[in-house]
Amino acid sequence: MGTGGESYWRVGELSRATGLTVRTLHHYHQIGLLDPAARTGGGHRLYAPADVRRLMYIVILRRAGLSLAAIKEILEQDRIDVAALIDQQRRDLESVLMDTVEFGRRLQDASIDELSRDPRRLRELINWVTPNPITSQPVVPLVYADVELAYRTLIDMFGFGPGLIARDADGHVGYAEVTGPMGNVRLHWPRPGLSPPDPDRDPSSMTTVEVADLDAHYAQARAAGATIVRPLTTLHGSREYLALDHEHHLWCFQHEG
């Protein structure tokens with residue numbers, strides 16, 4: 001049915017068209033995930049194209065393995081980059097897979113029956129799978145008001161390598177990555193509960209990166225306009241300097257020895 005040229009679907013019609021059960025659609029409504037605003041004269045819910053679009057996001061993100069709670073949080077954002085979200089989920093699943101494979105290899109060395117003879121072996125079992133320092137690199141998420149500008153700035157100012165840059169249909173960059181010796185730095189667009197640093201306040205966190213040639217890195221950062229908080233110094237056996245980038249994120253660059 002339609003009003004003013006726009007199509008609307010009753011819950012049964014939408015169920016038949018999509019293959020989703022009426023019970024599933026009702027559940028999405030009950031948990032606040034999909035709440036169509038339109039109603040018939042008798043009070044029955046009507047799904048507009050915008051509701052179907054939201055439902056498509058739900059189905060895609062569920063297929064990617066995200067929980068309904070995570071999807072609800074994502075859908076509250078002004079901009080949604082599905083490609084970046086799925087790529088993030090892929091990385092997380094790959095990490096879990098590596099741990100699972102390693103766990104299986106270790107279990108080949110001792111059966112469950114053998115381990116169960118001594119309850120103290122349970123602690124060993126729990127501690128078997130630990131992060132691999134080679135395959136599991138730290139991931140640093142930082143929030144920037146302008147992700148595209150941050151992407152270019154961090155490359156020019158601090159010498160990070162170019163990585164993934166994700167644009168939505170309007171060309172807006174809501175997510176990007178730059179690469180460094182300690183893993184990727186993920187750049188996120190602001191969202192509810194996550195904001196860039198306040199330039200009128202002291203930074204509440206600091207990102208530390210080890211570099212090979214600290215003097216050259218320091219010179220590049222100064223030339224590119226970084227605000228030097230503490231110049232080159234030796235502290236606890238390491239040479240380092242502190243700098244603020246263009247959006248007031250605090251960085252510590254150091255070299256051991």
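Criteria and cut-off values
- Residues numbered from 1 in each chain as written.
- Predicted model: local features only at pLDDT ≥ 70, side-chain atom pairs only at ≥ 80, totals over all residues.
- Heavy atoms only, no water.
- Helix = DSSP H or I, 4+ residues; strand = E, 2+ residues; numbered from the N terminus.
- Contact = heavy atoms within 4.5 Å.
- Buried < 20%, exposed > 50% of the residue type's maximum accessible area, 1.4 Å probe, protein only.
- Pairing = 2+ DSSP bridges.
- Salt bridge = Lys/Arg side-chain N within 4 Å of Asp/Glu carboxyl O.

**Student:** So what about the environment of glutamine 88? Which residues, and what values?
**Tutor:** Assignment of secondary structure puts glutamine 88 in helix α5 (residues 82-107). Through-space distance from the C-alpha of glutamine 88 to that of alanine 64 is 10.0 Å; in sequence the pair is 24 residues apart. Apart from the residues lying within four places of it in its own chain, the contact partners of glutamine 88 are Tyr175 and Arg186.

**Student:** Break down unusual backbone geometry for me, with residues and values.
**Tutor:** Positioned with a positive phi, histidine 248 is a non-glycine residue whose angle comes to about 75°. The residue histidine 248 is located in the loop between β12 (238-244) and β13 (250-256) in this model.

**Student:** Could you give me a rundown of the pairing of strand β8 (residues 173-180), with the residues and numbers involved?
**Tutor:** For β8, the tally of buried residues reaches six of eight residues, placing the bulk of the element in the interior. Two elements, strand β7 (residues 161-167) and β8, share five bridges in a ladder whose sense is antiparallel. Of the residues in β8, the one forming a bridge with glycine 161 is threonine 179. Connecting the antiparallel pair β7 and β8 is a turn made up of five residues, with glycine 171 showing a positive phi of about 85°.

**Student:** Just give me the short version of the pattern of salt bridges, but keep the residues and values in it.
**Tutor:** All told, the structure shown has six salt bridges when counted by the stated rule. We note a salt bridge from glutamate 148 to arginine 152, for which the minimum N-O separation is 3.8 Å. Taken together, the positions of glutamate 148 and arginine 152, both in helix α8 (residues 147-158) and four residues apart, correspond to about one turn of that helix. The exposure class assigned to glutamate 148 is partly exposed, which follows from its relative accessible area of 25%. Its salt-bridge partner being arginine 186, residue glutamate 177 comes within 3.7 Å of it at the nearest N-O pair. For arginine 186, a relative accessible area of 7% corresponds to the buried category. Taken together, the shared-partner salt bridges in this structure form one network comprising Glu148, Arg152 and Arg167.

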